[in-house]
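One-letter residues, chain by chain:
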Amino acid sequence: MASLSLRHIYKKYPGGVTAVSDFNLEIKDKEFLVLVGPSGCGKSTTLRMIAGLEEISEGELFIGDRLVNDVAPKDRKIAMVFQNYALYPHMSVFENMAFGLKLSKVPKEVIKKKVEEAARVLDITHLLDRKPKALSGGQKQRVALGRAIVRDPQVFLLDEPLSNLDAKLRATMRTELTKLHNRVETTFVYVTHDQVEAMTMATRIVVMKDGLIQQVDTPQTLYDKPVNIFVAGFIGTPQMNFMNGSLEKKGDSVYFVFEGNELKLPADKASAPELQEYIGKEVVAGLRPECIRDDEASIAACDEATLSADVEVTELMGAEIYLYLKVGEEGKLTARVSARSTTRAGENIKIGFDMERLHIFDKDTERCIIH
């Protein structure tokens, strides 16, 4: 098994295009690390540089304690699983899984043992004689994983492996991949644009934007303590609400003024030293949808942090309801409330904010000031 070390990695293309800039990351042995971000942020390019499929323009890449910048992909002891599975259509499942081992001149009896063991782990033993065209998307994905497992790689690289599956199968395969990681105890580096995949599977998440790392942390820390507006908006479904307003001081209290409404900050936030220079200035406040209340008991507990909102749309999601709200002229909010809520579209309702969970961001730099 192996750790990875990426030190000041750059990927520059002809014409002055820089896809990845100053990428620094230590990936621990047996970690499940997920690279996440919008299309074009450099996450797949980074994965391909680890695999050796893209040349590193600058910087050093270590797998374990071995510098591998100039090591061929086949000699890096990594296995990659692609988005489109990349199976050979004329070969059976067994032959697809055994192909890499055959090229490496592994004895037939060892190949048979390794393929059968991987097939058992992935529950595809009954498919070994089939051709890829006779397989479902989920089965093809398992075969692609099996082909990687039989090579006993030090590192698994997975490039959006679930994006071609339907929603139900994606959820099932997320669980299967987590169980597989626990079973094989190998380092996984996984690329996706789907933050739900990242949140549910990762031990740590790397959030990328425009070729730069924005934040690296555990899923829960990213959710609770995003370093900037981009991370706050990217992690979480529905995304965090952002409100343009200002901070005003009255006596010993500090209020966030939003669309003519004064929302009182808790004492610990109001007295935070880093907030003092922003008093009287415009800021951006962020609040998760589940921190907006519409029931009387919860609203009563929101001390001086309530306002009126027009309900534009309601979406029943089964276990919860999403309320799409309008506040004043410009304010748009999304609330996630109980499925027992009686709020209906077209109503004007009172809502309360859980100000303990409020984030405040610098309007210019978009960095988080306080959580």
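The coordinates are above.
Residues numbered from 1 in each chain as written. Predicted model: local features only at pLDDT ≥ 70, side-chain atom pairs only at ≥ 80, totals over all residues. Heavy atoms only, no water.

Take the nonpolar core next. For soluble globular proteins, the rule of thumb is that nonpolar side chains tend to be buried together. The biggest cluster of nonpolar side chains holds 46 residues, and the ones touching the most others in it are Met-97, Leu-145, Leu-158, Leu-177, Tyr-190 and Val-207. Every residue in contact with Met-97, bar those within four places of it in the chain, is listed here: Val-115, Ala-118, Ala-119, Ile-124, Leu-128, Val-143, Gly-146, Arg-147 and Val-150. If you look at the next biggest cluster of nonpolar residues, it comprises 36 residues, including Leu-265, Ala-272, Leu-307 and Leu-358. (Core = buried A, V, L, I, M, F, W, Y, C linked by side-chain atoms within 4.5 Å. Buried < 20%, exposed > 50% of the residue type's maximum accessible area, 1.4 Å probe, protein only. Contact = heavy atoms within 4.5 Å.)

Our next topic: unusual backbone geometry. Backbone torsion omega between Thr-237 and Pro-238 reads -10 degrees, so that peptide bond is classified as cis. Residue placement: Pro-238 occurs in the loop between helix 8 (229–234) and strand 11 (241–250). One non-glycine residue with positive phi stands out, namely Lys-77, at about 60 degrees. Mapping Lys-77 onto the fold places it in the loop between strand 5 (66–67) and strand 6 (78–81). (Helix = DSSP H or I, 4+ residues; strand = E, 2+ residues; numbered from the N terminus.)

Under the defined criterion, the tally for this structure stands at 17 salt bridges. The shortest N-O distance in the salt bridge between Glu-54 and Lys-11 comes to 3.5 Å. Here Glu-54 is found in the loop between helix 1 (43–51) and strand 4 (58–63), whereas its partner Lys-11 is found in strand 1 (residues 4–13), with 43 residues between them in sequence. Of the residues examined, Lys-11 reaches a relative accessible area of 7% and is grouped as buried. A salt bridge links Lys-332 to Glu-312; the nearest nitrogen and oxygen atoms lie 3.1 Å apart. Separated by 20 residues along the polypeptide, Lys-332 in strand 18 (residues 331–338) and Glu-312 in strand 16 (residues 306–316) bring together distant segments of the chain. Note on Glu-312: relative accessible area 39%, which makes it partly exposed. Here the residues in one salt-bridge network are Glu-290, Glu-320, Arg-336 and Arg-357, joined through shared partners. (Salt bridge = Lys/Arg side-chain N within 4 Å of Asp/Glu carboxyl O.)

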